Amino acid sequence: MPSTTQRATILSIPNLRTRVSGRVIGPDDADFDEARRVFIGGIDRRPAVIVRVADATDVATVIGLARDTGLELAVRSGGHSSIGHGVSEGGIVLDLADMKSIDIDLEARTAWAEAGLTAAEYSTAAWEHGLATGFGDTGSVGIGGITVGGGVGYLARKHGLTIDDLLAADVVTADGELVRVDADHHPDLFWAIRGGGGNFGVVTRFQFRLHDVPSFVGGMLILPASPEVIAGFIAAAEAAPEELSTIANVMPCPPMPFVAEEHHGKLVVFALMAYAGDPAASERALAPFRDLATPLADMLKPMPYPEIYGPEDGDYHPLAITRTMFVERIDLAAAQTIVDHLEASDAAMRVAQLRVLGGAMARVPADATAFAHRDSRIMVNIATFYEGPEDRDRRSAWVGELAAALRQDDHGAYVNFLADEGEERIRAAYPGATWDRLTEIKGRYDPANLFRLNQNIPPRAS
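Residues numbered from 1 in each chain as written. Predicted model: local features only at pLDDT ≥ 70, side-chain atom pairs only at ≥ 80, totals over all residues. Heavy atoms only, no water.

### Quick look at the overall build of the protein
Just so we agree on the cut-off: Counting from the N terminus, the helices are DSSP H or I runs at least four residues long and the strands are E runs at least two residues long. Relative accessible area decides the class of each residue, using a 1.4 Å probe on protein chains only: under 20% of the type maximum gives buried, over 50% gives exposed, and in between gives partly exposed. By the convention used here, residues are in contact when the closest approach between their heavy atoms is within 4.5 Å. For the accessible areas, the method is Shrake-Rupley and the probe is 1.4 Å, while residue cover comes only from the protein chains on display.
What the protein contains, in helices and strands, is 14 helices and 19 strands. For the protein, the spread of C-alpha atoms along the three principal axes comes to 65 × 55 × 45 Å. Looking at the protein as a whole, 58% of its 462 residues qualify as buried. Restricting to contacts in the protein with at least 6 residues of sequence separation, those with at least 24 account for 72%. Accessible area of the protein: about 18500 Å², with a carbon and sulfur share of 50%.

### A word on helix α10 (residues 279–290)
Rule in force here: The span one expects for a helix is its residue count, reduced by one, times 1.5 Å. Directions from the helix axis toward the C-beta atoms define the arc. N or O atoms closer than or at 3.5 Å make up a polar contact, with two conditions inside protein: a donor-capable atom paired with an acceptor-capable one, and, for residues adjacent in sequence, both atoms drawn from side chains.
Between its terminal C-alpha atoms α10 stretches 16 Å, which fits the 16 Å expected from twelve residues at 1.5 Å a residue. Of the residues making up α10, those classed as buried are Ala281, Ser282, Ala285, Leu286 and Phe289. For α10, the buried positions fall inside an angular range of 125 degrees around the axis, keeping them on one side. Buried residues in α10 make contact with β12 (217–224), α9 (227–239), β13 (244–252) and β14 (267–275). Of the residues that open α10, the one with a side-chain oxygen 3.2 Å from the backbone nitrogen of Ala280 is Asp278.

### Things to note about the packing of helix α11 (residues 332–344) against helix α12 (residues 389–406)
Definition in use: As a rule, the C-alpha atoms of each element are fitted with a line to give its axis, helices using only the stretch in contact, and angles between N-to-C directions run from 0 to 180 degrees. Throughout, the term roughly parallel applies to angles under 35 degrees, roughly antiparallel to angles over 145, roughly perpendicular to angles from 65 to 115, and oblique to all others. Classification used: nonpolar for Ala, Val, Leu, Ile, Met, Phe, Trp, Tyr, Cys and Pro, charged for Asp, Glu, Lys and Arg, polar for all others including Gly.
Contact geometry for α11 and α12: axes closest at 10 Å, N-to-C directions at 170 degrees. The angle between α11 and α12 places the two elements in the roughly antiparallel class. Contact residues: α11 offers Ala334, Thr337, Ile338, His341 and Leu342, while α12 offers Trp398, Glu401, Leu402, Ala405 and Leu406. Classifying every residue of the contact of α11 with α12 by side-chain character gives seven nonpolar, two polar and one charged.

### Focus: the packing of aromatic side chains
What counts, and what does not: Any two of the Phe, Tyr and Trp rings considered here, Trp counted by its six-membered ring, make a pair once their centres fall within 6.5 Å; the pair's planes then place it as stacked at under 30 degrees, edge-to-face at over 60, or tilted in between. When the NZ atom of lysine or the CZ atom of arginine is within 6 Å of a ring's centre and also within 35 degrees of its normal, the charge is said to sit over that ring.
One pass over the full model with this rule turns up eleven aromatic pairs. Seen from their ring centres, Phe206 and Phe208 are 5.4 Å apart, and the 20 degrees between their planes marks the pair as stacked. Residue Phe206 shares its accessibility class with Phe208, and that shared class is buried. Between the aromatic rings of Tyr305 and Tyr309, the centroid separation amounts to 6.2 Å while the plane-to-plane angle is 70 degrees, which identifies the pairing as edge-to-face. Overall, the relative accessible area of 0% leaves Tyr305 in the buried class. With a relative accessible area of 8%, Tyr309 lands in the buried category. Aromatic rings pair up to connect Tyr122, Phe135, Phe206 and Phe208 into one cluster. The ring of Tyr386 has Arg392 lying over it, and the distance from NZ or CZ to the ring centre is 5.2 Å.

### As for the pattern of salt bridges
Opposite charge on two side chains lets them pair, provided their charged atoms get close. Basically, it comes down to this: Definition used for salt bridges: Asp or Glu carboxyl oxygen within 4 Å of a side-chain nitrogen of Lys or Arg.
Overall, the coordinates contain 31 salt bridges when judged by the stated rule. Through salt bridges with shared partners, a single network forms among Asp33, Arg36, Asp44 and Arg46.

### A word on the side chain of Ser245
Examined against the element boundaries, Ser245 turns out to sit in strand β13. Beyond its immediate chain neighbours, meaning those up to four positions away, Ser245 contacts Gly153, Tyr154, Leu155, Ala156, Arg157, Leu272, Met273 and Ala274.

### A closer look at the nonpolar core
To keep it simple, the criterion reads: Here the nonpolar core consists of buried residues drawn from Ala, Val, Leu, Ile, Met, Phe, Trp, Tyr and Cys, with membership extended through side-chain atoms lying within 4.5 Å.
If you look at the biggest cluster of nonpolar residues, it comprises 103 residues, and the most contacted ones within it are Val59, Ile63, Leu73, Leu94, Tyr122, Ile193 and Phe206. With residues near it in sequence (within four places) discarded, Phe206 still touches Ala111, Trp112, Ala113, Ala115, Ile143, Gly144, Thr147, Val148, Leu166, Ala168 and Ala169.

### Side note on the sheet that holds strand β6 (residues 110–114)
This is how the line gets drawn: Any two strands with at least two DSSP bridges between them are considered paired.
Read from one edge to the other, the open sheet built from five strands follows the order β5-β6-β10-β8-β9, with strand pairing classed as antiparallel. This sheet does not close on itself; its edge strands, each paired only once, are β5 (102–105) and β9 (178–182). In this sheet, adjacent strand axes meet at a mean angle of 15 degrees when their direction is disregarded. Strands in contact with helix α5 (residues 119–127) are β5, β6 and β10 (202–209); relative to β5, the strand with the most contacts, it is inclined by about 35 degrees.

### Overview of the sheet that holds strand β2 (residues 49–52)
Reading across from one edge, β1-β2-β4-β3 is the order of the four strands in this open sheet, with mixed pairing throughout. Of all the strands in the sheet, the pair left with one neighbour each is β1 (23–25) and β3 (73–76). Strand after strand, the sheet turns through a mean of 20 degrees between neighbouring axes, direction not considered. For β3 and strand β4 (residues 92–95), the ladder comprises four bridges, and the chain directions are parallel. Following the sheet pairing, Leu73 is matched in β4 by Ile92. Lying over the sheet, helix α4 (residues 56–69) contacts β2, β3 and β4, oriented at roughly 165 degrees with respect to β4.

### Quick word on the confidence of the model for the protein
As a reminder of what qualifies: The predictor rates its confidence in each residue with pLDDT, a number between 0 and 100.
When pLDDT is averaged along the protein, the result is 96, and 98% of the positions lie at 70 or above. Low pLDDT (under 50) marks residues 1–9, which in the prediction has nine contacts with non-local residues, meaning those over four places away or in another chain.

### Brief notes about the packing of α9 against α11
In a packed pair of helices, the relevant descriptors are the angle between the two axes and the axis-to-axis distance. Short version of the rule: Handedness of a helix crossing follows the sense of rotation of the near helix relative to the far helix, less than a right angle counterclockwise being left-handed and clockwise being right-handed.
Two elements in contact, α9 and α11, have axes separated by 8 Å at closest approach and are oriented at 125 degrees. What the angle tells us is that α9 and α11 run oblique. When the axes of α9 and α11 are compared, the crossing they make is right-handed. The segment α9 lies against α11, with Pro227, Glu228, Ile230 and Ala231 engaging Leu332, Ala335, Gln336 and Val339.

Structure, rendered in structure tokens:
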């Protein structure tokens, strides 16, 4: 690997600007600080250069530069990694944000979409034709990162994960080759990018299946939180038709103007509901949740599908500690554990997020993709804000204690929500034979581990 002095000689920003069509942003440029910022707060890394690539040729050039210099390569789609994998300290950032082309084939019900699109941008374009592909629950997330990790979102129970609608992809590999991958071409690489994260190359375009979603009901339902309401909510979500996906955030109620002030700061179930079906049928599906307690706010209504993402504040960069896990049940005892831990903390924001899975995503065989947790029943994400370095250890301990208290027999993890938790937790995302197959594929497509700034899967030697 080149020394620091050699790298400084090799990496010439003026020369790089003559070699790529996209924008090259260096430390001396006025927008460098904005360009290096990622979603999560507290990340202050200064890369040597940021390249806003324009096409696959640019991507290959930047990969070649990282390979030749030995500099760390960060690949960024939307910048929402919970530990800032979208930016490097002293390395090269390959930023896909300017690659936003989308080509919708109405007859085939498919779309070719570049990896710099956000979930909201893609969904808005598809919805113009009454069509949708399921991504996550945040509109500003890049489709590149969420897709290669799996994609658990509002349509997961009805239509499966994002990767279940992935038909093909264009991938630039570590040696700079652009390959088309699908079930018949490079099928092993196609398997790996469906859940294996960014370990195997840079996906520049995805071909997705589109679903007819002629009507959609969604929005917020806020209920007072008690162990009975929390356990009842999960039971209702498990019994609900597959058209309904839910996200239940158990948390202190923010000071929202549409909730009476007396409830601000008290524990609530802040639920996001998404019903992809007939509005009349949605009333029957949603009734059990409304019956759990008198809602503090009921904002469920028919809406265009992209509206479920809601507005976002571009200046919002939270200091947060997170943990993800799967559990088999949230019964009354588990719900009481959640309430007890939330009430014991004085963090400005703390939350236990509960997502009932199942439905279409569970009918895919566990070995069909690198996402292996098809039988997992409930995803739990725990998060808390912290105020600064002096506060971080205390808040991190709280997250760990609640996770340990909720731990059951499912020890898996969803890679897109993993924090900086070490190799053991990465392996939990890829259990057993899945890990073995991924390391073998990594050894063939990226033997030098060029794509290592991620939840890393090391290459296995041939």
